[in-house]
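The residues making up each chain are set out below.
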Number of protein chains: 2
Amino acid sequence: MSEKQVSASVIRRLPRYYRFLGMLAENGIQRISSGELSAKMGLTASQIRQDLNCFGGFGQQGYGYNVAALREEIGKILGLSLPKKTILIGAGNLGRAILAHMAFAEKGFSIVGIFDRDEGFAGERLEGVAIQHTDALEEFCRKEKPSVAILCVPKMASQDMVRRLVDLGIKGFWNFSHYDIGVHYPDVAVENVHLGDSLMTLCYEMQALENQKGRE
Amino acid sequence: MSEKQVSASVIRRLPRYYRFLGMLAENGIQRISSGELSAKMGLTASQIRQDLNCFGGFGQQGYGYNVAALREEIGKILGLSLPKKTILIGAGNLGRAILAHMAFAEKGFSIVGIFDRDEGFAGERLEGVAIQHTDALEEFCRKEKPSVAILCVPKMASQDMVRRLVDLGIKGFWNFSHYDIGVHYPDVAVENVHLGDSLMTLCYEMQALENQKGRE
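Cut-offs used in this document
- Residue positions are given per chain, counted from 1 along the sequence in the order it is written.
- Chain letters and ligand numbers both follow the written order, the letters beginning at A and the numbers at 1.
- With the structure being a predicted model, the display of local features is reserved for residues of pLDDT at least 70 and the display and counting of side-chain atom pairs for 80 or more, all residues being used for whole-chain, interface and lining totals.
- Just so you know, side-chain values use all the structure's heavy atoms and leave hydrogens and water out.
- When DSSP finds at least two bridges between two strands, those strands are taken to pair.
- Only runs of H or I of at least four residues qualify as helices and only runs of E of at least two qualify as strands under DSSP, and these elements are numbered from the N terminus.
- Aromatic pairing here means that ring centres of Phe, Tyr or Trp (its six-membered ring) are within 6.5 Å. Orientation follows from the plane angle: under 30 degrees is stacked, over 60 is edge-to-face, and everything else is tilted.
- Exposure categories follow from relative accessible area, calculated using a 1.4 Å probe and restricted to protein chains: below 20% of the type maximum is buried, above 50% is exposed, and the middle band is partly exposed.
- Only lysine NZ and arginine CZ atoms are considered, and such an atom sits over a ring when it is within 6 Å of the ring centre and within 35 degrees of the ring normal.
- We superpose the copies by least squares over the C-alpha atoms of residues that have a pLDDT of at least 70 in both of them.
- It only takes one pair of heavy atoms within 4.5 Å for two residues to be counted as in contact.
- Summed over both partners, the accessible surface that disappears when two parts come together, traced with a 1.4 Å probe, is what is meant by buried area.
- The salt bridge definition used is simple: a Lys or Arg side-chain nitrogen within 4 Å of an Asp or Glu carboxyl oxygen.
- Polar contacts here mean pairs of N or O atoms no more than 3.5 Å apart (in protein, one a potential hydrogen donor and the other a potential acceptor; neighbouring residues in sequence count only if both atoms are side-chain atoms).
- By the convention adopted, Pro, Cys, Tyr, Trp, Phe, Met, Ile, Leu, Val and Ala count as nonpolar, Lys, Arg, Asp and Glu as charged, and the other residues, Gly among them, as polar.
- The split into domains, and so the bounds of each, comes from an automatic or database assignment of domains.
- Grid points spaced at 1 Å and placed over the protein atoms alone form the basis of the search, with a cavity being a set where a 1.4 Å probe fits but cannot get out and a pocket an open set showing protein on both sides within 12 Å along at least five of seven lines. Lining residues have an atom within 4 Å of a point.
- Grid points are joined across faces, edges and corners, and a volume is the space filled by probe spheres set on the points.

### Considerations on the sheet that holds strand β8 (residues 172-175) of chain A
All names here are of chain A.
Then step 1. What the 7 strands build is an open sheet, ordered β5-β6-β4-β3-β7-β8-β9; its pairing is mixed. Every interior strand has two partners, whereas the edge strands, β5 (125-126) and β9 (189-192), have only one.
Then step 2. Relative to β9, β8 runs parallel, the two sharing 4 bridges. Looking at β9, one finds that Trp 174 is bridged to Glu 191.

### Side note on the packing of aromatic side chains
Then step 1. On inspection of all chains with the given rule, the structure shows 8 aromatic pairs over all chains.
Then step 2. Measuring from ring centre to ring centre gives 6.4 Å for Phe 104 of chain B and Phe 109 of chain B, while their planes differ by 75°; the resulting arrangement is edge-to-face. The same class applies to Phe 104 of chain B as to Phe 109 of chain B, namely buried.
Then step 3. Ring centres of Phe 115 of chain B and Phe 140 of chain B lie 5.2 Å apart, and the angle between their planes is 70°; this geometry places the pair in the edge-to-face category. One end of the pair, Phe 115 of chain B, is in strand β4 (residues 109-116); the other, Phe 140 of chain B, is in helix α6 (residues 137-144), and 25 residues separate them in sequence.
Then step 4. According to the relative accessible area criterion, Phe 115 of chain B is buried, its value standing at 0%.
Then step 5. Relative accessible area serves as the criterion here: at 13%, Phe 140 of chain B is assigned to the buried category.
Then step 6. Taken together through their ring pairs, the aromatic side chains of Phe 104, Phe 109, Trp 174 and Phe 176 of chain A make up a single cluster.
Then step 7. Residue placement shows Lys 84 of chain A over the ring face of Phe 109 of chain A; its charged tip is 4.8 Å from the ring centre.

### Details of the relation of the copies chain A and chain B
Then step 1. Taken as rigid bodies, chain A and chain B are interconverted by a rotation of 180° and an axial shift of 0.0 Å, the fit giving an RMSD of 0.0 Å. The superposition of one copy onto the other is thereby described by a two-fold rotation axis. Residues of chain A ranked by C-alpha distance from the rotation axis are headed by Ala 97 of chain A, positioned 3.1 Å from it.
Then step 2. Here 98% of the interface residues in chain A have copies in chain B that are interface residues too; the copies meet face to matching face.

### Re the interface of chain A and chain B
Then step 1. Each side of the interface is counted separately: chain A has 65 residues, and chain B has 64 residues.
Then step 2. For the pair chain A and chain B, the summed buried area comes to about 5,800 Å², and 70% of that belongs to carbon and sulfur atoms.
Then step 3. Summed over the shared surface of chain A and chain B, the number is 6 salt bridges.
Then step 4. Put simply, Arg 19 of chain B and Asp 197 of chain A hold a salt bridge, and the shortest N to O gap is 2.8 Å.
Then step 5. If you look at where chain A meets chain B, you find 14 residue pairs in polar contact (both at pLDDT 80 or more).
Then step 6. Of all the secondary-structure elements, those providing two or more residues to the side of chain A that touches chain B are α1 (8-26), α2 (34-41), α4 (67-78), α5 (93-101), β8, β9 and α9 (195-215) of chain A.
Then step 7. For the side of chain A that touches chain B, the leading source of residues is α9 of chain A, giving 16 residues.
Then step 8. Split into classes, the residues belonging to the side of chain A that touches chain B amount to 36 nonpolar, 12 polar and 17 charged.

### Considering the domain arrangement of chain A
Then step 1. Partitioning chain A into structural domains gives domain 1 (8-76) and domain 2 (84-197).
Then step 2. Its C-alpha centre places domain 1 of chain A at a distance of 32 Å from the equivalent point of domain 2 of chain A.

### Examining the environment of Ile 48 of chain B
Residues and elements named next belong to chain B.
Then step 1. With respect to the helices, strands and loops of the structure, Ile 48 is situated in helix α3 (residues 45-53).
Then step 2. Look at Ile 48 and you get buried, because its relative accessible area is 0%.
Then step 3. Residues Ile 48 and Arg 16, spaced 32 residues apart in sequence, show a C-alpha to C-alpha distance of 12 Å.
Then step 4. Sequence-distant contacts of Ile 48, that is, excluding residues within four places in its chain, are made with Tyr 17, Ser 34, Leu 37, Ser 38, Leu 43 and Tyr 65.

### Quick look at empty space enclosed by the protein
A probe as big as a water molecule, rolled over the atoms, marks out the empty space that is left.
Then step 1. Across all of its chains, the model carries 1 cavity of 30 Å³ or more by this definition.
Then step 2. Lining the largest cavity, in full, are Leu 94, Ile 98, Phe 176 and Leu 195 of chain A together with Leu 94, Ile 98, Phe 176 and Leu 195 of chain B.
Then step 3. Every element with two or more residues in the lining of the largest cavity is listed here: α5 of chain A together with α5 (93-101) of chain B.
Then step 4. Per-class residue counts for the lining of the largest cavity are 8 nonpolar, no polar and no charged.

### Side note on the sheet that holds β4 of chain B
Paired through their backbone hydrogen bonds, the strands of a sheet run either parallel or antiparallel.
All names here are of chain B.
Then step 1. Pairing is mixed in the open sheet, where 7 strands are placed in the order β5-β6-β4-β3-β7-β8-β9. Strand pairing shows two members of the sheet lacking a second neighbour, β5 (125-126) and β9 (189-192), which therefore form its edges.
Then step 2. Relative to strand β6 (residues 129-133), β4 runs parallel, the two sharing 3 bridges. Paired with Phe 115 across the two strands is Gln 132, which belongs to β6.

### Comments concerning the pattern of salt bridges
Any two side chains of opposite charge can pair, given that their charged atoms come close.
Then step 1. Taken as a whole and assessed by the stated rule, the structure comprises 20 salt bridges over all chains.
Then step 2. Residue Lys 107 of chain A is joined to Glu 106 of chain A by a salt bridge in which the shortest nitrogen-to-oxygen separation is 3.9 Å.
Then step 3. A salt bridge links Glu 144 of chain B to Lys 85 of chain B, with the nearest nitrogen and oxygen atoms 3.2 Å apart. Residue Glu 144 of chain B is located in helix α6, and its partner Lys 85 of chain B is located in strand β3 (residues 84-89); the two are separated by 59 residues in the primary sequence.
Then step 4. Residue Glu 144 of chain B is classed as partly exposed on the basis of its relative accessible area, which comes to 26%.
Then step 5. Through salt bridges with shared partners, a single ionic network connects Arg 16 and Arg 19 of chain A together with Asp 180 and Asp 197 of chain B.

The following block contains the structure:
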């Protein structure tokens, strides 16, 4: 695994490479040139060569990339095989949808606990895991030592919850709340999914499109 | 509204400014300096001044920013008040969660139709809107002329669906599928929410944290 600093924008593109290479493999494609990959992904071929060179260059001149080998290597760089005991905080609509929708296991995440402060959910099972009351968090975490939390609670409840979870040894957050964890806890890994921000960005793009049409 | 080109990374930060200013306003804060805003947002004060100057500089030396005025201005730049008739394609777990979770109306999106190819859902109502079979899309779109589609269908079904929707006049996609719309339709606005990519990025960050700890 590479020890050198890799820019955040390259890291951002790696999951997309991984995804594309998975589709190619599913379709029985064994090798691909940077040119073909670029056409499929909407990046330039030189961008692709540059990105993949950051990790030691997997292509061979005149042969292209071996799809399966490159995919495996990117999976290693991403750390998908690193086992990550994971808990879901918040079993409302959003938490349930994420649990049902995502292929956690193939990325090394195993869902070991689900917590909600609503006592009405207690005992219900989602994907085979029982929902527990958040009061049980401390005992559970001391015993199971999960390292990742998926945070699907309202912003108001997030601040105290994150403090508790960091104290209990959580090292990574998949954050669907609007609480900016990274600003307050620079030493944990945080990946934010701000759906509202994404929707506002779409607003901007729609308006830019309108303005462009108006000028034509 | 500014006519000059604004970089994508500034645009990406605008929803976050908008969100923060909303929280400040809710807490009764009427003005704020770039220094205070930077501490709260984890950006440098000069970054904030630079970003907001792109749109004509709202701050006054020695006074700071008027929270309500700045928020309103950013809302205008984002185009939140532009009315956008919106349809949801796919009424599964994810589609339902998004519908229940998001404040569409305050960003100018009105949900006018919900479509699913599962006939079992027909007639069921979500947030007051009836679910229709996808066969009814053509007639509905010709009549209602929606401009935005929220795409919550599997990748396999997305390719044909997007072609249909573009033909029916959809100009913007909030894309939760893994189909890369932008590569095939450069003339529509697309905002992708790739939850799987986000989760893989968290994998990488967790691993980087582990490696860092190992080296200490």
